[in-house]
Each structure stands twice: as structure tokens, then as C-alpha cells.
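Reading the structure
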Amino acid sequence: MHRSLLAAVAACLTLPTAALTQEVTLRFQHFVSPASANPTYFMQPWADAIEEQSGGRIKVELYPFMQLGGSAASQYDLIRDGAIDGGWVIPGYEPGRFPEAEALELPFMTSKLGAEASRAAWDFTQDYLMDDFADVHVITTHMHGPGIIHLKGPAPETVDDLRGKVVRGPSRPATLLLEKLGATPVGMPVPAFPEALSRGVVDGGVITWEMSPSLKLDELTDSHTDVAGDRALYNLFFVWAMNKDVYAALPDDLKAVIDANSGKMAAEWAGGAHDTGDSEGRDLMEDGGNQIAVLSEVETDAIKALGQEVRADWIADMDARGLDGTSLVQAAEAAVAANLN
């Protein structure tokens, strides 16, 4: 054997096993506190599962509070362009860009259980949204639990009590409903909400129980109000995704690890994380002495009627864009019904 070839073989034999296998570090970014429910009960356990099941060959680093740069609204493009390897996206932070996803965010569309709503979200995604998100690798999609009305001052007892209030909204369907309620909606991502409250820019906002502690809503607001019944006032659609090229570059056995922690099981996992956080968040708000309220069935029905107006307006808007709004709403309703426990 040629002397140089013998040397090369000898060098390979002395390399550690790890050097003979591909090792990957994936940088995933999100925009909330690492102590909030999704990072605690989904993102970190997901990252740990990926590392364990890959035999340590994949390490997922999680960066909260947009530490790698950009804004919450730019997350999708950051993933698409490879500025980050993956992360958490709220399509609703870019109103009008992903209109079909809004069908799941319409008033009273989803169950108040995040796990149920998230199973429905994945089914709807498979049928209607994969083309919309074709320039990233979608790991899963999910929803949160019920959206709650958090206000400075007492809880609203009637629909009219929200009239004139300046209220933070997370998505176009949510702000459309707030307008119908006579409030002045202000669209803003989660990170901007506490400062807006402390500076008096808004009187309150709609967001989940689970986000309340990390946003210090026990200190910045006084009351927290849900609607009656088992349907959420509104909901929000999320995408957990990674860069398409980064995923494609993985060897097949590492792709299989990502795939095994993707899809509907991951959707239910992520949605269930919000359910756990909602229970904890509600208890913390109550322990802080804040008012916990539920609107009466009569007032909830009045909001539902306004929600139907939002649906009708949304369908007309989708039709004007060349989409079949009625079919999208019916498909979302069917997905939700099929995934109730």
C-alpha cells in the first residue's frame, strides 16, 4: 500500500467516533420569556427530545426575546432566509400575508383547549396551508388556549363596557372583533404589550392566561375576563418551523429524528403546553388579588353575534382576494369538530 494512503488510513482510525458522524447545532429563536408556557413545556422538551433521540448529534439552542436579532413580525423571513435555523412564527403579526390561516383565528372558532385546537390546526394546515409556508420546513402548527380580556379597572359586565377602550389585539380577526365591540384596537406583538400598558398607551388587551405572569399582568392590569361557554373568544395560529435548506442538508437519520417530533403529535404537545400554562397563569392572577370574571351567557351571545359579522366580513374579503372564504370557514369548523375530545 502506498505510504501516503497508509498514513491517511491510520489517521482515520485514530479519529473519535463523533468526528466520523455529522453533528449539528440548530439555533431556534422566539420572542417571549423562556419561563412562559410554550418554551417551558414544549420548546425546551422538544429540543431535549431531539438531542436525546439523535444520540447527541443534534443540539437545539433556544434563544428567547429575539436575541439573535430581528423582530417578532420578521420571524418567518429570518427562518426563510437562513438568518436563524428555526423558530416560532405568528403569521398574524403580518396581517394579510397569510390570509387562509386566519380562518382558525375567527371569533368562537376553536375550543378553549389548546391541545384540541392545535390538532385541528394541523389538519387544516395539511389541507390548506402547506403551499403558503412552502419556503420553510414546517415542523408543526398549533393554537393556544382561550384569549382573555385583561383590563386596567373593573371587569366588563356588558358588551358596552368595552366601548371606547384602547385594547391590544394580536391578529387581524381579533382586532376586527374589538372594533365591532366599540373598542379601539391596537395591533402589537407580545413583547410590546407590557410597556404599552405601563405608559398608558392601551387600557388593556386580549392575550392568554399563560402569558399573563411573564408579562406582569397581575401588576399592570386589574381584571381578567373570559366569555361563557366552551369556545374561545379568539385564538392565534403559530408555526414551528426551520430553514428549508438546513433541514435538507441533514442526513436521513437526523431528518428522521426531526420528523418523529413533527406533525400532529407535536401540534398537540405544543397546544397542551398552553393548557398547562393557562391553569398556572389563571391561578397566579387570582392569587395576586386581581378580579377574575366570566361574562354572562347573554352578553357572550351578544359578542357571538358580532363575531358572526366578523366572519361575514372576512368571507367577503377572502372572496375579493380570489379565495373561497365560505369553504375556508367550513373547513376550519370541520377540523375543529373532528378534533374535539
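Residues numbered from 1 in each chain as written. Predicted model: local features only at pLDDT ≥ 70, side-chain atom pairs only at ≥ 80, totals over all residues. Heavy atoms only, no water.

Quick word on the overall build of the protein
Along the protein, the regular secondary structure elements total twelve helices and eleven strands. Projected onto the principal axes, the alpha-carbon positions of the protein cover approximately 90 × 45 × 35 Å. The proportion of buried residues among the 341 residues of the protein is 53%. Long-range pairs, those at least 24 residues apart, make up 78% of the contacts in the protein between residues at least 6 apart in sequence. When the accessible area of the protein is evaluated, it comes to approximately 14,000 Å², of which 52% is carbon and sulfur surface. A gap of 4 Å separates the mean positions of the 24 positive and 50 negative side-chain charges of the protein. (Helix = DSSP H or I, 4+ residues; strand = E, 2+ residues; numbered from the N terminus. Buried < 20%, exposed > 50% of the residue type's maximum accessible area, 1.4 Å probe, protein only. Contact = heavy atoms within 4.5 Å. Areas by Shrake-Rupley, 256 points an atom, 1.4 Å probe, with all protein chains shown as cover. Lys, Arg positive; Asp, Glu negative; His and termini not counted. Charge placed at Lys NZ, Arg CZ, Asp CG, Glu CD.)

Overview of the packing of helix α4 (residues 114–129) against helix α10 (residues 263–287)
Look at α4 against α10: their axes get within 7 Å of each other, and the N-to-C directions meet at 150°. In terms of orientation, α4 lies roughly antiparallel with respect to α10. In this structure, α4 meets α10 at a crossing whose hand is right-handed. Of the residues in α10, those touching α4 at Gly 114, Ala 115, Ser 118, Arg 119, Trp 122 and Asp 123 are Gly 263, Lys 264, Ala 267, Glu 268, Gly 271, Gly 272 and Asp 275. (Axes fitted to C-alpha atoms, helices over the stretch in contact; angles between N-to-C directions. Parallel < 35°, antiparallel > 145°, perpendicular 65-115°, else oblique. Left-handed = near helix turned anticlockwise from the far one by under 90°.)

Some thoughts on the pairing of strand β6 (residues 166–169)
A regular strand places its side chains on the two faces of the sheet in alternate fashion. For β6 and strand β7 (residues 184–187), the ladder comprises four bridges, and the chain directions are parallel. Bridge assignment links Val 166 to a residue of β7, and that residue is Thr 184. In terms of handedness, the path from β6 via helix α5 (residues 172–180) over to β7 forms a crossover that is right-handed. Where β6 meets strand β8 (residues 204–208), two bridges bridge the pair, whose relative direction is parallel. The partner of Arg 168 across the bridge, within β8, is Gly 205. (Pairing = 2+ DSSP bridges. Right-handed = clockwise from strand over helix to strand, strands pointing away.)

A word on the confidence of the model for the protein
The pLDDT averaged across the protein works out to 94; a share of 94% of its residues lies at or above 70. Contacts for the low-pLDDT stretch residues 1–20, under 50 throughout, to residues beyond four places or in other chains number three contacts. (pLDDT = per-residue confidence, 0-100.)

Some remarks on the nonpolar core
One finds Trp 46, Phe 124, Phe 133, Leu 233, Phe 237, Ile 258 and Ile 303 to be the most contacted residues of the largest nonpolar core, which totals 96 residues. Beyond its immediate sequence surroundings of up to four residues, Ile 258 is in contact with Leu 26, Trp 46, Ile 50, Ile 58, Met 242, Tyr 247 and Leu 250. (Core = buried A, V, L, I, M, F, W, Y, C linked by side-chain atoms within 4.5 Å.)

Looking at the pattern of salt bridges
With the rule as written, the count across this model stands at 18 salt bridges. Salt-bridge contacts for Asp 77 lead to Arg 97; the nearest nitrogen and oxygen are separated by 2.8 Å. One end of the pair, Asp 77, is in helix α3 (residues 75–81); the other, Arg 97, is in the loop between β3 (86–89) and α4, with 20 residues separating them in the sequence. Among the residues examined, Asp 77 registers a relative accessible area of 21% and is labelled partly exposed. Residue Arg 97 is classed as partly exposed on the basis of its relative accessible area of 31%. Between Lys 255 and Asp 252 there is a salt bridge, with its nearest N and O atoms 3.8 Å apart. You can see Lys 255 and its partner Asp 252 sitting in helix α9 (residues 252–260), three residues apart, about one turn around the helix. What makes Asp 252 exposed here is its relative accessible area of 64%. What you see here is one network of salt bridges that share partners, running through Asp 77, Arg 80, Asp 81, Glu 94 and Arg 97. (Salt bridge = Lys/Arg side-chain N within 4 Å of Asp/Glu carboxyl O.)

Observations regarding the environment of Ala 174
If you trace the backbone, Ala 174 turns up in helix α5. Between the C-alpha atoms of Ala 174 and Val 206, which are 32 residues apart in sequence, the distance is 8.4 Å.

Let's talk about the environment of Val 206
Relative to the helices and strands, Val 206 resides in strand β8. Between the C-alpha atom of Val 206 and that of Leu 151, which follows or precedes it by 55 residues, the distance is 8.7 Å.

Focus: unusual backbone geometry
You will see that Met 66, though not glycine, has its phi angle at about 55°, which is positive. Here Met 66 lies in the loop between β2 (58–63) and α3. What makes Met 66 buried here is its relative accessible area of 11%. With a phi angle near 60°, Lys 216 is a residue other than glycine that sits in the positive phi range. Following the sequence through the fold, Lys 216 ends up in the loop between β8 and α7 (217–220).

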